[in-house]
Number of protein chains: 4
Amino acid sequence: MPEPGPREVLVEVTSVGVCGSDVHYYEHGRIGSHVVRAPLVLGHESAGRVVALGEGASKHAEGDRVTLEPGVPCGRCRECRAGRYNLCPDVVFFGTPPVDGAFARYVTIHEDFAFALPDSLSDDVGALMEPLSVGIWACRKAGVSAGDRVLVTGAGPIGLLAMQVALAFGATQVEISDVNERRLELARQTGATRALRAGEDEPAEADALIECSGHPGALQAGIAALRPAGTAVLVGMGPGESGEVPLALIQGREIWVTGTFRYANTYPTAIALAATGRVDLDSIITGHFGLEDTETALRAGRDDPGSVKPVVHP
Amino acid sequence: MPEPGPREVLVEVTSVGVCGSDVHYYEHGRIGSHVVRAPLVLGHESAGRVVALGEGASKHAEGDRVTLEPGVPCGRCRECRAGRYNLCPDVVFFGTPPVDGAFARYVTIHEDFAFALPDSLSDDVGALMEPLSVGIWACRKAGVSAGDRVLVTGAGPIGLLAMQVALAFGATQVEISDVNERRLELARQTGATRALRAGEDEPAEADALIECSGHPGALQAGIAALRPAGTAVLVGMGPGESGEVPLALIQGREIWVTGTFRYANTYPTAIALAATGRVDLDSIITGHFGLEDTETALRAGRDDPGSVKPVVHP
Amino acid sequence: MPEPGPREVLVEVTSVGVCGSDVHYYEHGRIGSHVVRAPLVLGHESAGRVVALGEGASKHAEGDRVTLEPGVPCGRCRECRAGRYNLCPDVVFFGTPPVDGAFARYVTIHEDFAFALPDSLSDDVGALMEPLSVGIWACRKAGVSAGDRVLVTGAGPIGLLAMQVALAFGATQVEISDVNERRLELARQTGATRALRAGEDEPAEADALIECSGHPGALQAGIAALRPAGTAVLVGMGPGESGEVPLALIQGREIWVTGTFRYANTYPTAIALAATGRVDLDSIITGHFGLEDTETALRAGRDDPGSVKPVVHP
Amino acid sequence: MPEPGPREVLVEVTSVGVCGSDVHYYEHGRIGSHVVRAPLVLGHESAGRVVALGEGASKHAEGDRVTLEPGVPCGRCRECRAGRYNLCPDVVFFGTPPVDGAFARYVTIHEDFAFALPDSLSDDVGALMEPLSVGIWACRKAGVSAGDRVLVTGAGPIGLLAMQVALAFGATQVEISDVNERRLELARQTGATRALRAGEDEPAEADALIECSGHPGALQAGIAALRPAGTAVLVGMGPGESGEVPLALIQGREIWVTGTFRYANTYPTAIALAATGRVDLDSIITGHFGLEDTETALRAGRDDPGSVKPVVHP
């Protein structure tokens, strides 16, 4: 059992979501320049209960239920000072080499990165504040606001959550595309105004594109659907370091293109949206596993086309 | 019956909301520097049916149901070019001296300022796209986004709509204050997370204040409730040209204060929010009057404390 | 001699700059989807003297010296209303098929798109308010502010002006790259903090990239030089409809990429910068031609590697 | 001599500017809710030389010349995470009770809040990076950009620097007002496009107001000079907790009003502007004092109407 340092809390983990990046590390041993060189505990979507307080920690009490923002930045560098702490080069992030993650019975974290979980939210939902944050960050980057028309490409867990978040931001037309009909059906059930078969159905004009598939064709077609001065946000990681984009359209329509890396300042928003019922996170949870079955959970996405978000309970 | 000019449409008016500014002109003959010097038709919250097209008009067909954005700007000046067309010094605005308004059987307007009304929306709701626009504009100025905490002071028609719009923008804490218990009850029924008796109940910390009462005390107390770097938007007009604000708080917390004058680029959003059920406009309609009873409608607010929004049907 | 319409002015043209797009139309008969199908007068960088007023025109007097913003938008559509009038689909733009341009003795234009030229500015400088606007628009899109570090790739007329504008916006590190040593020398003389041989010298870290070369490699290398959350603005048009960009960098560093199409709301700024000596436009003028020598002027860039900006005097 | 803690540097102070707030503490023993209850060393505008490194400090070497950002925030709270670290409630700020300041021979500070001073900048100029930061922050809040028209009210040290900074941001019309003719003369010498006798001369229309006098009348008149949608930034502190503002103008013209509290992310910009000669800081230094004459320096502003910025050399 780890010892909480100054201003840290010791958390007994009760629920951990399985993320595609966990699966990628498990299968490939690396993501880009992040290489697993020593045994590593994965897992960064977690909730649990505070069981001990480090020196000077005062924000939580023992027994409090909390969700954990898994990356603790330095708080001092140029990026941190500018409020872009997700881009801090010295961030310590759960389950990213060489930092151990949350597929564990206990973890420690700075108290300011543990957030109180309202009674109305389950531990599983608490764990999903992390992927929900990815969706929130994408919608913020896209500038989604009330009455907007949003196209989400890719209906995996992130795409499905980004879609729900877009609706929670007030978007009134939210289309989502995928090749997996079961995921499209889930999208329809959770609020998509239209579910598109990728590569077949034509999207309507959109104010914002949230690309969650990592598929080069989705990016190109998605940008083509944007209105002048619209915004494309890349969330899904594609196959290579670089890719083709329609530069003439980007210029002629003055389209904005950006990408997201994790998120910043999203946890209070995530908790508020979940607690007020603006998003339905239970709908994407498709499996529950014990800590000893974590490997099965990591394989669930590959073994079961209906799997969206497996959750592990240490 | 007026003749539609080039690119104008002739609209048979079917529904016109009564606004506090109509009442003010009716009772006082002026609003600030706008003075009624000749007989004037009031009314600027209107919907109807296109009955004739001027030369070159092609956006609508005869018979189309439309809601009318009542101010047509010049489209050329510095403000128009910058997208701030609500501040165009040469705007022609319904029911503002010397321009006649919509308490009439027929009006003409440039086709680009008539917006198609979906079948699902009634004419009355169509008329209320105008005050809904005021609420949308206030929320945009306030930068309301998902998970935000908003304080609305004043639960008249504009305050009640601003409150609903804040919810539609994703705000998860929306408090509203008034002295009129009937209006507070209506606020509770239409989504307020808390209804406050003005001057008695303490508001919670808020990210944004939308001041709709025109009451100096509401402004001061509302600003005091804002978090650091929060925003206060003045919508309600107060009694004088100037007023007291807590300058030391504005400086020490770097609060932003601004005001709204009408709105710009809101009609498509208003229609989308209404058509998708994000706002409930029927809830604030409290009376229906024939054109011949327009004066009664103008007096309804004074005669009946339960009156919120009377609608006139020419 | 054309007749000025309502609110138009008739302008006797005295100076017209030659733009790369004029040359492209001249040589290829088209730019993308804009195809020259009938005899067309080119030229859109112009200044002159008001010689007659159309009905209702009151902004200028006969004899006034003016510079002309060459694109007159509709003022009514979604883009115009939002202040993005450069993206108006119905814009009427000098020298773009089928609209005749300014290589002519007289042109007419809406009075609001003619801007008074201070006595201190020559007609030639007046004509160059147009390419200067391109540089201003690029710097605005890039969010250039005081103390910023800007990389400009391509030292043609637009790159050289964008560089000067970046300095005028307060940028304190402005590097510019090209393969043409004469242009690099001109860049050094007009304020570049460093002139780079494209493909050889390594740029320093930058807050913003302004890509003016249209060269795919410049775009890729330029984006790689950006700090996290930096912005890349594409001004130069590349060889194809689409091109490669470093998507993994855009995501991992949350870089913003956009392009520019003409400009909006730049003329007052352009005139103010020139009138206060913040930019030196004479430095880029490399040739003077009579109207009858317009073809020679159009060929100057090809015939003379030292040519930057030829100017025609009708 | 203090001992540098982990990641701190020990700095031998060589130059410290006297700020109006130092004088206010000296004369009144408090500023608002900040009350001096025990002997306190004042001074927060400082530069010096690193003479020792705390454990883990690696950013500077012994002997390095540095300027010190005097407020070290917590780096973890909501304000810090959002990039608004100047509003951190737990900031530790030099010379603000109960934290000792820089009118001392040695101070310690976290290494990330010491910034390397280029050889071209003197220690005195290094100390003035602090008030220069106030001017930069004001111009950022005001959104000053190239070609803008700025009105600065109050030509004390902060007003004079804000004026210079506005010019460095590219403003082309910068008017400044005061009642002190010597300060107006200094303003003219350092770039003001017009110096106004407060209460007598009428300012021209401006895009932004930077209020540095704390005088209620200056605020009111300054706001009246703003164009529609202009911005007023309150830097100078007025006599009371609250004050009158022209609310009808703020509403009718949709003006933005805000205030500044210290600054954030300004030091790199300040150093870059000074090092490239965009601002002239020596022009405002009006006296040099030894550490033993600090009281004389604190009284200089009262005793000598020509005093602008006295500097103390420990």
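Caption draft 1: Local environment of the overall build of chain A. Counting its secondary structure elements, chain A contains 10 helices and 18 strands. The C-alpha atoms of chain A give 19 Å as radius of gyration, which agrees with the globular expectation for 314 residues (20 Å, within 12%). When burial is assessed residue by residue, chain A has 62% of its 314 residues classed as buried. A sequence separation of at least 24 residues applies to 70% of the contacts in chain A between residues at least 6 apart. With an accessible surface of roughly 11,500 Å², chain A has 51% of that area assigned to carbon and sulfur atoms.

Caption draft 2: Seen up close, the interface of chain C and chain A. With 40 residues of chain C in contact, the opposing surface of chain A contributes 40 residues. Summed over both sides, the interface of chain C with chain A buries roughly 3,200 Å², with 52% coming from carbon and sulfur. Of all residues in chain C, Gln251(C), Glu254(C) and Trp256(C) give up the largest surface area on contact with chain A, accounting jointly for 23% of the area buried on that side. Summed over the shared surface of chain C and chain A, the number is four salt bridges. Residues Glu205(C) and Arg78(A) are paired through a salt bridge, measuring 3.1 Å at the closest nitrogen-oxygen approach. Our count for the chain C to chain A interface comes out at 27 residue pairs in polar contact (both at pLDDT 80 or more). Mapped by element, the contributors of at least two residues to the side of chain C that touches chain A are helix H2 (78-81), helix H4 (129-141), helix H7 (216-224), strand S14 (226-234), strand S15 (243-245), helix H8 (247-252) and strand S16 (256-259) of chain C. Here the residues of the side of chain C that touches chain A are counted per class, giving 17 nonpolar, 12 polar and 11 charged.

Caption draft 3: Region of the structure containing the relation of the copies chain C and chain A. When chain C is fitted to chain A, the best match, at an RMSD of 0.0 Å, comes from turning it 180° and sliding it 0.0 Å along the axis. Look at the turn and shift together and you get a two-fold axis relating the two. Residues of chain C ranked by C-alpha distance from the rotation axis are headed by Glu244(C), positioned 2.2 Å from it. Of all interface residues in chain C, 100% are interface residues in chain A too; the two copies therefore contact each other through one and the same surface.

Caption draft 4: Inspection of the interface of chain B and chain A at higher detail. Facing 14 residues of chain B, the contacting portion of chain A comprises 14 residues. Summed over both sides, the interface between chain B and chain A buries roughly 1,000 Å², with carbon and sulfur atoms accounting for 57% of that surface. On the chain B side of the interface with chain A, the three residues burying the most area are Ala146(B), Thr172(B) and Arg278(B), jointly 43% of the side's total. The interface formed by chain B and chain A includes zero salt bridges.

Caption draft 5: Structural context of the relation of the copies chain B and chain A. The transform that puts chain B on chain A rotates by 180° and translates by 0.0 Å along the axis, for an RMSD of 0.0 Å. Interface residue correspondence from chain B to chain A reaches 100%, placing this contact among same-surface, isologous pairings.

Caption draft 6: Quick look at the packing of helix H4 (residues 129-141) of chain D against helix H9 (residues 267-275) of chain D. All names here are of chain D. Where H4 meets H9, the axes come as close as 9 Å, and the angle between the chain directions of the two elements is 105°. On the basis of the axis angle, H4 is roughly perpendicular to H9. For the pair formed by H4 and H9, the contact residues are Met129, Glu130, Leu132, Ser133, Ile136 and Arg140 on the first element and Tyr267, Thr269, Ala270, Ile271, Leu273 and Ala274 on the second.

Caption draft 7: Up close: the side chain of Thr172(D). Examined against the element boundaries, Thr172(D) turns out to sit in the loop between helix H5 (157-168) and strand S11 (173-178). For Thr172(D), a relative accessible area of 10% corresponds to the buried category. Once residues within four sequence positions are removed from consideration, Thr172(D) is found in contact with Ala272(C), Leu273(C), Thr276(C), Arg278(C), Gly147(D), Asp148(D) and Thr193(D).

Caption draft 8: Examining the packing of aromatic side chains more closely. Under the definition given, this model contains 14 aromatic pairs over all chains. Taken together, a centroid distance of 6.2 Å and an interplanar angle of 50° make the contact between Tyr263(A) and Tyr267(A) tilted. Comparing Tyr263(A) with Tyr267(A), the two get one shared label, buried. Taking the centre distance of 5.4 Å and the plane angle of 25° together, the rings of Phe115(D) and Tyr267(D) count as stacked. Separated by 152 residues along the polypeptide, Phe115(D) in strand S9 (residues 114-116) and Tyr267(D) in helix H9 bring together distant segments of the chain. Sitting over the face of the ring of Phe93(B), Arg262(B) holds its NZ or CZ atom 3.7 Å from the ring centroid.

Caption draft 9: Geometry of the pattern of salt bridges. This structure, assessed with the given rule, holds 81 salt bridges over all chains. Measuring nitrogen to oxygen at the nearest pair gives 3.6 Å for the salt bridge that ties Glu12(B) to Arg49(B). Note that Glu12(B) is positioned in strand S1 (residues 8-17) and Arg49(B) in strand S4 (residues 45-53), a separation of 37 residues in sequence. Residue classification places Glu12(B) among the partly exposed residues on the basis of a relative accessible area of 22%. Taking the relative accessible area as the measure of exposure, Arg49(B) reaches 35% and is therefore partly exposed. Because the salt bridges share partners, they merge into one network encompassing Arg78(A), Glu79(A), Arg84(A), Arg149(C), Glu205(C), Asp207(C) and Arg227(C).

Caption draft 10: Local environment of helix H6 (residues 181-189) of chain B. Residues and elements named next belong to chain B. For H6, the set of buried residues is Arg183, Leu184, Leu186 and Ala187. Each buried residue of H6 sits inside an arc of 160° when the element is viewed along its axis, so together they form one side. Turned more than 90 degrees from where H6 packs its buried face, Arg182 and Gln189 sit exposed. Of the surrounding elements, those touching the buried residues of H6 are helix H5 (157-168), strand S11 (173-178) and strand S12 (194-197). The N-terminus of H6 is capped by Asn180, whose side-chain oxygen sits 2.9 Å from the backbone nitrogen of Arg182. Phi turns positive, to about 115°, at Gly191, one or two residues after H6.

Caption draft 11: Quick look at the pairing of strand S5 (residues 65-68) of chain A. Residue and element names in this part refer to chain A. Looking at chain direction, strand S4 (residues 45-53) and S5 are connected through four bridges and run antiparallel. Along S5, the bridge assignment pairs Gly48 with Val66. Strand direction decides the pairing type here: S5 and strand S9 (residues 114-116), joined by three bridges, are antiparallel. Its bridge partner lying in S9, Thr67 is registered against Phe115.

Caption draft 12: Inspection of the pairing of strand S1 (residues 8-17) of chain A at higher detail. Residues and elements named next belong to chain A. Judged by how many residues are buried, S1 sits mostly within the fold: eight of 10 residues are covered. Sheet analysis places S1 next to strand S8 (residues 106-110), joined by five bridges and oriented antiparallel. Note that in S8 the partner of Val9 across the bridge is Ile109. Note that S1 and S4 share eight bridges and pair antiparallel. In the sheet register, Val11 faces S4, and the bridge partner there is Val50. For S1 and strand S18 (residues 309-313), the ladder comprises two bridges, and the chain directions are antiparallel. Paired with Val16 across the two strands is Val312, which belongs to S18.

Caption draft 13: Up close: unusual backbone geometry. Cis rather than trans, the peptide bond between Pro97(C) and Pro98(C) has omega equal to 5°. Assignment of secondary structure puts Pro98(C) in the loop between strand S7 (92-93) and strand S8 (106-110). Backbone geometry at Arg7(B) places phi at a positive 60°, although glycine is not the residue there. Checked against the element boundaries, Arg7(B) lands in the segment before S1. Taking relative accessible area as the criterion, Arg7(B) reaches 34% and is therefore assigned partly exposed.

Caption draft 14: Here's a closer look at helix H7 (residues 216-224) of chain D. Within the sequence span of H7(D), burial applies to Ala218(D), Leu219(D), Gly222(D) and Ile223(D). Buried residues of H7(D) fall within an arc of 125° about the axis and therefore sit on the same side.

Criteria and thresholds
- Residues numbered from 1 in each chain as written.
- Chains lettered and ligands numbered in written order.
- Predicted model: local features only at pLDDT ≥ 70, side-chain atom pairs only at ≥ 80, totals over all residues.
- Heavy atoms only, no water.
- Helix = DSSP H or I, 4+ residues; strand = E, 2+ residues; numbered from the N terminus.
- Rg over C-alpha atoms; globule rule 2.2 N^0.38 Å.
- Buried < 20%, exposed > 50% of the residue type's maximum accessible area, 1.4 Å probe, protein only.
- Contact = heavy atoms within 4.5 Å.
- Areas by Shrake-Rupley, 256 points an atom, 1.4 Å probe, with all protein chains shown as cover.
- Buried area = accessible area lost by both parts, 1.4 Å probe.
- Salt bridge = Lys/Arg side-chain N within 4 Å of Asp/Glu carboxyl O.
- Polar contact = N/O pair within 3.5 Å; in protein donor to acceptor, adjacent residues only side chain to side chain.
- Nonpolar A, V, L, I, M, F, W, Y, C, P; charged D, E, K, R; others polar.
- Least-squares fit on C-alpha atoms with pLDDT ≥ 70 in both.
- Axes fitted to C-alpha atoms, helices over the stretch in contact; angles between N-to-C directions.
- Parallel < 35°, antiparallel > 145°, perpendicular 65-115°, else oblique.
- Phe/Tyr/Trp six-rings, centres within 6.5 Å; stacked < 30°, edge-to-face > 60°.
- Lys NZ or Arg CZ within 6 Å of the ring centre and 35° of its normal.
- Arc of directions from axis to C-beta.
- Pairing = 2+ DSSP bridges.

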